[in-house]
Amino acid sequence: MAHRRANIIVLLLLLPVLLIPAGTAVRPALSSAANGYAYASVDGRQFFAPTGQYVEGKFLQYWLDHGGLPIFGYPLTPAFQEGGRTVQYFERSRFELHPENAGSPYEILLGQLGKEHLIAEGRKVPGPDKLAAREGEIRFPETGYKVGGAFFDYWQAHGGLFQFGYPLSPELKESGTNLVVQYFERARFEYHPENAGTPYAVLLTLLGTERAAGLDTILRDRWADTLPAANLHTAHEHGRVPTLAPLMVSSDVAGELRLLGGDNRYYASYPVQAGVPITITVAGWRGPQSLVLYQGSTIVAAKWAAYDAIGLVWGMVSGDPVWDGLYDRIGGYLQADAVDYLAPDDTTPVHGYRSPDNVAIWLRDHVYQSKGFKFFDKEMKSALDYFRTTQRADGSLDDYLFHLGATAVYTDQVEVEADREYLFVEGVHTAWQATGDDAWLKGNIPAMERALEHLWGDTRRWDPEHGLIKRAFTIDTWDFEQGSTDKVVRRDIDDQTKWSIMHGDNTGAYHAARLLALMEHYFGRKDAANLWDTRAANLADNLNKLSWNGNFYTHQVHLTPIDPTGVDESKQLSLSNAYALNRGTLSHEQAAAIIRSYQARRAENGSRIFAEWYSIDPPFRYGFSTPGEYVNGGIMPLVGGELALGAFDNGFEAYGVDILRRYNVLLDAGHGAFLWYYPDGRPGISTDETTSTDGWGSAAMLNALVEGLAGVVDSSKQYRDVTLAPRWAATDRKVVSAALHYEATGAYFAYNLRFHDDSTITLAWGGKRTEHVRLHLLLPANVSPRQASLNGAPLAFTTSKVEGSTYLDATLPGLGQLEIR
């Protein structure tokens with residue numbers, strides 16, 4: 001029985017991102033002489049004295065043919081590689097070369113600087129109005145916005161759709177000025193009333209100038225001078241080199257060697273002695289890689305585009321179809337679950353992830369799914385922004401957002417729950433890790449503090465006698481109280497509410513408080529960080545004294561009498577025990593006891609179940625939904641994913657491998673993924689809106705694959721600090737590559753691992769922004785390492801035991817080559 005709101009009609013807001021070719025001439029070609037441009041022509045290259053830059057070849061022809069100086073402005077950079085593509089920045093535009101379109105009008109395209117600026121600015125623009133277009137206006141159904149007046153005249157006269165793209169906003173009044181602007185995909189129009197009646201009434205914002213100003217200093221150094229390619233010698237000059245491969249470099253002079261990736265951004269440095277070859281690790285963004293030699297702040301030598309780095313394949317490459325296919329398979333489920341709504345103000349777009357059993361963006365479902373979609377989605381923040389902006393005065397948060405017909409809908413809170421507030425903190429932390437947006441994170445700190453203060457202070461949430469968070473008597477973290485039936489759903493708190501302490505609320509609040517403390521420390525707020533660390537520690541102590549039964553956390557500790565349930569509640573193993581494995585309240589001995597409890601349930605129930613990933617076992621006979629269905633005894637992959645991750649972290653690696661393999665078999669057998677299953681393996685269909693692309697459980701399984709088996713844990717943001725704990729020794733794989741990246745920024749971390757027949761182990765690793773790595777490598781059973789070398793130099797290491805498993809532990813730099821013998 002599903003108690004979530006059913007029969008919700010989806011209204012998806014279609015916001016197409018169309019790359020319209022700018023290469024089609026829609027007006028007569030302009031000659032340089034006709035426009036009086038100040039440059040000198042030498043053999044097809046044009047030099048622009050005001051900026052000291054050249055434009056040549058196809059970029060020059062395009063510049064001449066499609067508007068020249070008034071439209072594009074002066075060149076600000078030479079042509080260079082950015083994101084694996086040849087580009088050149090101008091004051092108002094970015095030219096992009098698309099060789100895949102060679103010979104067509106689409107070979108040169110203009111970058112979508114208008115769209116990029118709007119996103120970077122974080123500006124919330126009103127949605128399209130519903131009024132019909134007036135004379136002199138045109139509405140674009142692709143985005144819904146209209147263009148009219150002086151903006152339409154300029155748009156039409158200077159290239160229109162091919163030059164500027166679709167409008168992305170209505171006309172907007174800039175605060176404190178007389179300036180009116182309108183955003184387009186490739187430009188931002190400005191109306192200057194002081195220039196009315198002249199050709200300069202409409203001007204284009206210098207978006208190219210703004211964007212180029214943010215490029216790395218080292219890249220600007222490259223443009224400032226033509227440096228010699230002398231003194232630096234590399235293998236594979238102008239050849240192709242696999243990412244993470246070692247490469248020999250030597251120099252005739254000493255200095256600091258800095259490496260630039262295919263996006264022209266600095267990612268690593270090495271000290272160099274004159275005449276002494278060194279080995280570097282190729283780890284920059286794919287594309288032409290450059291080497292720059294510094295002495296102090298002076299560049300003394302450089303090799304631009306010395307070799308080409310071959311791009312990475314995201315996910316796992318091991319030769320086993322389970323590990324190699326699961327990453328993309330789950331990514332497909334998550335992409336199918338993405339929805340776009342408007343907030344109730346009818347103007348603010350909200351991008352999020354729907355529930356597996358209805359179309360709403362529930363805060364909890366969205367946050368749990370963010371463990372997976374952070375690898376695939378660029379937009380991480382708008383759903384969390386929505387829930388923050390609707391936060392109540394008491395610090396509590398709303399539950400969900402959806403559309404009914406053409407109307408945005410949100411509800412009062414489901415009062416029996418106590419998890420929204422701590423999940424909001426976890427969601428903000430995940431989005432920050434992927435985006436690296438410190439300003440956004442800092443802006444969310446007050447809301448996160450109010451949310452947790454609500455849990456620690458509201459009389460409906462805090463039990464002062466036990467010093468723990470309380471809730472109504474529900475099945476674990478779910479949203480209906482005892483006494484709910486198909487006809488009656490108890491969700492409000494009233495004088496009949498039966499109060500309990502549920503362990504999952506407290507492990508979740510502990511985890512959120514620790515995360516908030518880390519974020520407070522990050523911004524130097526030590527007193528606030530210490531407060532939340534202290535509260536977390538007290539909560540864990542109180543929980544373990546009250547709820548730990550020796551094998552797992554008791555499902556509910558009742559504070560008020562309850563009706564008959566038809567089950568021995570002391571034996572109930574509920575789903576938040578699996579979450580507790582990964583929230584930090586448990587000792588290793590407690591974690592091992594929980595894992596063994598799940599293994600015992602599997603052995604006890606034998607062939608009657610396909611998996612031990614119970615929502616609760618044994619189920620309630622009275623007072624809740626049908627036993628064996630949904631959250632009252634259904635089998636949930638979200639439990640299996642958390643259990644697998646906990647198994648990997650606590651010395652039960654073979655069990656974690658087994659869970660992931662069984663999940664893959666389940667996907668094959670069931671033709672998709674579901675939130676819950678009957679114990680015999682039949683998919684649980686809760687409503688007519690249930691999808692076969694469950695993102696909640698599949699994201700938990702993906703997280704177990706990434707952080708558990710592959711062992712890549714982001715300990716800060718954008719993989720700057722990584723805990724690397726590969727556990728491939730628990731499988732039959734001898735050669736494995738893993739590459740994880742955040743789609744929002746392109747930050748990534750990757751490694752290649754090989755177990756050789758002579759018991760030698762080699763590891764190469766690196767990332768776009770990685771600075772530090774803590775290695776915790778599971779060793780094969782027959783390997784006892786005697787020595788290790790980092791980039792050819794001896795490396796100190798230790799070994800540690802987790803249950804029966806042996807790990808090698810070492811501190812590593814952000815990239816390098818390791819050999820273990």
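Everything quoted here is computed from the prediction, not taken from an experiment.

A tally of helices and strands in the chain yields 20 helices and 45 strands. Compactness check: the chain gives a C-alpha radius of gyration of 29 Å against a globular reference of 28 Å for 821 residues, within 12% of the reference. For the chain, the spread of C-alpha atoms along the three principal axes comes to 90 × 75 × 50 Å. A buried classification covers 58% of the 821 residues belonging to the chain. Pairs at least 24 residues apart make up 63% of the contacts formed inside the chain by residues separated by at least 6 positions. When the accessible surface of the chain is summed, it comes to about 31,600 Å², and 53% of that surface belongs to carbon and sulfur atoms.

Moving on: helix 4 (residues 113-121). Of the positions making up helix 4, those classed as buried are L113, G114, H117 and L118. The arc that holds every buried residue of helix 4, seen down its axis, measures 135°, which confines them to one face. In helix 4, those exposed residues whose orientation departs by more than 90 degrees from the buried face are I119 and A120. Considering only its buried residues, helix 4 is in contact with strand 6 (94-97), strand 11 (180-183) and helix 7 (207-213). At the exit of helix 4 stands G122, carrying a positive phi of roughly 70°.

Turning next to the sheet that holds strand 22 (residues 315-317). Strands in a sheet are paired, the pairing made by backbone hydrogen bonds, and the direction either parallel or antiparallel. The sheet built from 7 strands is open, its strands ordered 22-37-38-39-45-41-42 with antiparallel pairing. Only two strands of the sheet have a single partner each, and these edge strands are strand 22 and strand 42 (793-794). In terms of strand pairing, strand 38 (residues 748-755) meets strand 39 (residues 761-767) through 7 bridges, oriented antiparallel. The partner of R754 across the bridge, within strand 39, is T762.

For the peptide bond that leads from D617 to P618, omega is -5°, which places it in the cis range. Tracing the backbone shows P618 in the loop between strand 34 (616-617) and helix 18 (637-649). With a phi angle near 50°, Y630 is a residue other than glycine that sits in the positive phi range. On the accessibility criterion, Y630 (0% relative accessible area) is buried. Of note, E803 is a non-glycine position whose phi angle comes to about 55°, a positive value. Tracing the chain through its elements places E803 in the loop between strand 43 (798-802) and strand 44 (805-813). For E803, a relative accessible area of 33% translates into the label partly exposed.

What counts as what
Residues numbered from 1 in each chain as written. Predicted model: local features only at pLDDT ≥ 70, side-chain atom pairs only at ≥ 80, totals over all residues. Heavy atoms only, no water. Helix = DSSP H or I, 4+ residues; strand = E, 2+ residues; numbered from the N terminus. Rg over C-alpha atoms; globule rule 2.2 N^0.38 Å. Buried < 20%, exposed > 50% of the residue type's maximum accessible area, 1.4 Å probe, protein only. Contact = heavy atoms within 4.5 Å. Areas by Shrake-Rupley, 256 points an atom, 1.4 Å probe, with all protein chains shown as cover. Arc of directions from axis to C-beta. Pairing = 2+ DSSP bridges.

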